[in-house]
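Next come the chains, spelled out residue by residue.
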Amino acid sequence: VYYMFNGSFGDAGTWPAWFSTVTAIATAFLIIPVVSWMANKWGKRNAFIISTVISMLGYALKWWGFNPENPWLIFMPIPFMAFGLGGLFTLMMSMTADVCDLDELENGMPRKEGTFGAIYWWMVKLGQALALVLGGLVLKIVGFDQNAITQTAETMTNLRIADIAIPVVTAGLAIIVMWKYSLNEDRAREIKVELVKRRGEL
C-alpha cells in the first residue's frame, strides 16, 4: 500500500488477496510434491534445510519484486517463499511422528502423539502471536506514521529492510536448530524395527 501504491488503499485494491491466493496455490500444488520428493531422496532434515534456504532466497527477491513501476513483479518471489511453508507443514508433522516413535522406544506406552501434536501447534500459535505483537514494534522502530498518507523515503527503506531481514534471520535460526537434529531416516527405521519386535513380544 505505502511503497508500491503511495498510500492509496484503493489503488492497492485486491493485490494482497492475489498475493495470498497465488502463494497458497503454489504451496499446495507445486511445492509440496517437490518437498516430498526431496525428503524421500535426501531425508527430511536435509529437505527442510534446502526448502528453508530456497525460501530465504524468495524473501531476498522481495527487494526487487516489490516494484512500484511494475506491480506484477510482486509474484516473482512467491515460488521461492512457498518452499518455506511447504517444507514446514509437509515435513514437521512427519518428523513429529518419528519423535513419537523414539519416545515410545525410550519411555514405553502409552504413545504420546496427542501431546507432541499439541506442543507443535501451540508453538505455531505462539509464533503467530509473537509476530502480531512484534509487528507493531517493528513499525514503531522504522518510524512508520499511521496518520500520514505517505511515508518518508527513509521509513519505506527501513520497512522494506525489516520485511526481508526478519524472515531471513529467523529462517536462518531454524536451519541452525535443524542442523543439530539427529533423528535421521536410518535411525527412524531402526526405531520402527525395534518397536515392531517389542510389540510382537507383548
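Remember, it's a predicted structure, so these values are computed and weren't measured experimentally. (Residues numbered from 1 in each chain as written. Predicted model: local features only at pLDDT ≥ 70, side-chain atom pairs only at ≥ 80, totals over all residues. Heavy atoms only, no water.)

Novice: I'd like a rundown of the layout of surface pockets, residues and numbers included.
Specialist: Quantified by volume, the second largest pocket comes out at close to 170 Å³. As for the second largest pocket, its lining consists of Ala39, Asn40, Lys41, Trp42, Gly43, Lys44, Arg45, Asn46, Asn184, Glu185, Asp186 and Arg189. Elements supplying a minimum of two residues to the lining of the second largest pocket: helix 2 (15-42), helix 3 (44-65) and helix 7 (185-201). Considering every element that reaches the lining of the second largest pocket, the biggest residue donor is helix 2, with four residues. Taken together, the residues of the lining of the second largest pocket sort by class into two nonpolar, four polar and six charged. (1 Å grid on protein atoms, 1.4 Å probe; cavity = no way out; pocket = protein on both sides within 12 Å on 5 of 7 lines; lining within 4 Å. Points joined across faces, edges and corners; volume = space filled by probe spheres on them. Helix = DSSP H or I, 4+ residues; strand = E, 2+ residues; numbered from the N terminus. Nonpolar A, V, L, I, M, F, W, Y, C, P; charged D, E, K, R; others polar.)

Novice: Residue-level account of the environment of Ile32, with values.
Specialist: Within the secondary structure layout, Ile32 lies in helix 2. Separated by 59 residues in the primary sequence, Ile32 and Leu91 place their C-alpha atoms 9.4 Å from one another.

Novice: Explain the pattern of salt bridges residue by residue, including any values.
Specialist: Counted under the stated rule, the structure contains ten salt bridges. In this structure, Arg111 and Asp101 form a salt bridge, with 2.8 Å as the shortest nitrogen-oxygen distance. Here the residue Arg111 occupies a position in the loop between helix 4 (78-107) and helix 5 (113-142), and Asp101 occupies one in helix 4, the gap between them amounting to ten residues. A residue is classified by how much of its surface remains accessible, and Asp101, at 10% relative accessible area, is buried. Put simply, Lys192 and Asp101 hold a salt bridge, and the shortest N to O gap is 3.3 Å. With Lys192 in helix 7 and Asp101 in helix 4, this pair connects stretches of sequence that are 91 residues apart. (Salt bridge = Lys/Arg side-chain N within 4 Å of Asp/Glu carboxyl O. Buried < 20%, exposed > 50% of the residue type's maximum accessible area, 1.4 Å probe, protein only.)

Novice: An account of the packing of helix 3 against helix 4 is requested, with residue identities and associated values reported.
Specialist: Contact pair helix 3 / helix 4: the axes reach a minimum separation of 7 Å and the direction vectors enclose 155°. Considered as vectors, helix 3 and helix 4 are oriented roughly antiparallel to each other. At the point where helix 3 passes helix 4, the crossing takes the left-handed sense. Between helix 3, through Lys44, Arg45, Ala47, Phe48, Ser51, Ile54, Ser55, Leu57, Gly58, Tyr59, Leu61 and Lys62, and helix 4, the contact on the second element is made entirely by Phe80, Met81, Phe83, Gly84, Gly87, Leu88, Leu91, Met92, Ser94, Met95 and Asp98. For the contact of helix 3 with helix 4, a count of residues per class yields 13 nonpolar, six polar and four charged. (Axes fitted to C-alpha atoms, helices over the stretch in contact; angles between N-to-C directions. Parallel < 35°, antiparallel > 145°, perpendicular 65-115°, else oblique. Left-handed = near helix turned anticlockwise from the far one by under 90°. Contact = heavy atoms within 4.5 Å.)

Everything listed here is a matter of geometry and, on its own, says nothing about what the molecule does.
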